[in-house]
Amino acid sequence: MTKLSPYLAFARKSFLGRSAYRFDHFMGILSTVLRIFIFWEIYRALYGGRAEVDGITITMVATNFILSLGLESVFYVNDYYLPSRIQNGSIATELLLPVNIHGRMLADNLGHALFQLLFHFVPAVAFSVLFIRIAAPAELSMAFLFLLSAFLGYGVLWTVSFVAQMLSFWLINVWSVMTIKNVFVNVLSGSMIPLWFMPDWMRGVIRFTPFSSIYFTPVQIYLGQLSLTEILCGFGVQVFWILALFLAGMLLWKKGQKKLVVQGG
């Protein structure tokens, strides 16, 4: 417990820091709700009053984007934690602290994410459900497995960002890298366009990337579309990507430290 105490303190600080900006918090909820209703109106227009298209009901689509956009508001990752510190030279001070910098990065993000879960995701989704019909979990056990898969999905998203941040050792500005990364996440994770509507060949390609594991796998579990065997395979894929991306990030970290030059005082 003693070893975890500093990281719990960082997470707590991040949680409390987020609660200080109340107006920003309420605007975040409003933004999520507006995005959900915009998606709802778009898909209602596309469905043209039909109950389903190719076996995909409007309720399934609504459930997908409500849960995906809700989770997106929870899955906070500071893409510029490391790049900003390398750019301003404070990385040197960070490396001298008696804590693991990667653990501090994760703790800071988790504190923020916990606040988003309690005070952003819950009210935004609850408000949306009052006006948009959402499917109930296929079973109570599926609701629990959905939460577990969502937790792993956050791990996948965090490690994708972790790898991208390591490129800041070689790039002056990682804005373009982060923009490309976010486009891939938004499009290939199923949050903007449910992967049910993707061509078969594209779904086959996406299956070999980490992106569908972030949002779409949890949603499929929630809707009861996966058997127990497929759920376990889905968990395995998520864990695989977390480990593979983290190891890749650590390899870049070790190489990047050798290139690090801090100027100024």
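So, here's what we can say about the structure.

**A few points about the overall build of the chain**
- Helix and strand counts for the chain stand at 11 helices and 2 strands.
- Put simply, the chain runs from its N terminus to its C terminus through helices and strands in the order α-α-β-β-α-α-α-α-α-α-α-α-α.
- Taken over C-alpha atoms, the radius of gyration comes to 20 Å for the chain, in line with the 18 Å a tight globule of 265 residues would show.
- Its C-alpha atoms give the chain principal-axis dimensions of roughly 65 × 40 × 35 Å.
- Sorting the 265 residues of the chain into buried and exposed places 48% on the buried side.
- Accessible area for the chain stands at about 14300 Å²; split by element, carbon and sulfur atoms hold 69% of it.
- Side chains of the chain carry 18 positive and 11 negative charges; the gap between the two charge centres is 13 Å.

**Considerations on the nonpolar core**
- Membership of the largest hydrophobic core comes to 65 residues, with the highest contact counts inside it found for Phe65, Phe75, Leu82 and Ile214.
- Elements with a minimum of two residues in this core: helix H2 (22-47), helix H3 (58-74), helix H4 (81-88), helix H6 (101-131), helix H7 (140-166), helix H8 (175-188), helix H10 (216-222) and helix H11 (228-259).
- The contacts of Leu82, once residues within four sequence positions are left out, are Ile91, Ile101, Gln165, Met166, Ser168, Phe169 and Trp253.

**Focus on the environment of Trp196**
- Tracing the backbone shows Trp196 in the loop between H8 and helix H9 (200-206).
- In this structure, the C-alpha to C-alpha distance between Trp196 and Thr159, residues 37 residues apart in sequence, is 25 Å.
- For Trp196, the residues in contact, after removing those within four places along its chain, are Ile56, Met60, Val61, Asn64, Arg203, Phe216, Leu223 and Gln225.

**Section: H2**
- Its 26 residues place the ends of H2 38 Å apart at the C-alpha level, agreeing with the 38 Å of an ideal helix rising 1.5 Å per residue.
- Looking at the buried residues of H2, the elements they touch are helix H1 (5-19), strand E1 (52-53), strand E2 (56-57), H3 and H6.
- Note on H2: the residue one or two positions beyond its end, Gly48, has a positive phi of about 55 degrees.

**Overview of the pattern of salt bridges**
- Applying the stated rule across the entire model yields 6 salt bridges.
- For Arg35, the salt bridge goes to Glu72, with nearest N and O atoms at 3.0 Å. Placement of the pair is Arg35 in helix H2 and Glu72 in helix H3, with a sequence separation of 37 residues.
- The class of Arg35 is partly exposed, set by a relative accessible area of 31%.
- Take Glu72: its relative accessible area is 22%, and that puts it in the partly exposed class.
- One salt bridge connects Arg44 with Glu41, and the closest N-O pair in it is separated by 3.2 Å. A residue pair is termed a helical-turn pair when its members lie 3 or 4 positions apart in one helix, as Arg44 and Glu41 do in helix H2 at 3 residues.
- One continuous salt-bridge network, built from bridges that share partners, spans Arg85, Glu94 and Arg104.

**Topic: the environment of Gly89**
- Its place among the elements puts Gly89 in the loop between H4 and helix H5 (91-96).
- Along the backbone, Gly89 and Leu188 are 99 residues apart, and their C-alpha atoms lie at a distance of 35 Å.

**Side note on the packing of aromatic side chains**
- For the structure shown, the criterion picks out 18 aromatic pairs.
- Centroid distance Phe240 to Trp241: 5.3 Å. Interplanar angle 70 degrees. Geometry classified as edge-to-face.
- Sitting over the ring of Tyr81, Arg85 keeps its end group 3.7 Å from the ring centre.

**Some words on the environment of Met250**
- The residue Met250 is located in helix H11 in this model.
- Separated by 130 residues in the primary sequence, Met250 and His120 place their C-alpha atoms 32 Å from one another.

**Some thoughts on the packing of H6 against H7**
- In the contact formed by H6 and H7, the axes pass within 12 Å of each other and the chain directions differ by 130 degrees. Viewed along their axes, H6 and H7 adopt a mutual orientation that is oblique. Here H6 runs over H7; the crossing is right-handed. Seen from H6, the contacting residues are His102, Met105, Leu106, Asn109 and Leu110; seen from H7, they are Tyr154, Trp158, Phe162 and Gln165.

**Re a nonpolar patch on the surface**
- Together, Phe23, Met27, Leu30, Leu34, Ile38, Ile42 and Leu46 line one region of the surface with nonpolar side chains, adding up to about 710 Å² of accessible area.
- Mapped onto the secondary structure, Met27 falls in helix H2.

Thresholds, definitions, all that
- Residues numbered from 1 in each chain as written.
- Predicted model: local features only at pLDDT ≥ 70, side-chain atom pairs only at ≥ 80, totals over all residues.
- Heavy atoms only, no water.
- Helix = DSSP H or I, 4+ residues; strand = E, 2+ residues; numbered from the N terminus.
- Rg over C-alpha atoms; globule rule 2.2 N^0.38 Å.
- Buried < 20%, exposed > 50% of the residue type's maximum accessible area, 1.4 Å probe, protein only.
- Areas by Shrake-Rupley, 256 points an atom, 1.4 Å probe, with all protein chains shown as cover.
- Lys, Arg positive; Asp, Glu negative; His and termini not counted.
- Charge placed at Lys NZ, Arg CZ, Asp CG, Glu CD.
- Core = buried A, V, L, I, M, F, W, Y, C linked by side-chain atoms within 4.5 Å.
- Contact = heavy atoms within 4.5 Å.
- Expected span 1.5 Å × (residues − 1).
- Salt bridge = Lys/Arg side-chain N within 4 Å of Asp/Glu carboxyl O.
- Phe/Tyr/Trp six-rings, centres within 6.5 Å; stacked < 30°, edge-to-face > 60°.
- Lys NZ or Arg CZ within 6 Å of the ring centre and 35° of its normal.
- Axes fitted to C-alpha atoms, helices over the stretch in contact; angles between N-to-C directions.
- Parallel < 35°, antiparallel > 145°, perpendicular 65-115°, else oblique.
- Left-handed = near helix turned anticlockwise from the far one by under 90°.
- Patch = residues over 30% accessible without salt bridge, like charges linked within 9 Å, V, L, I, M, F, W, Y side chains within 5 Å.

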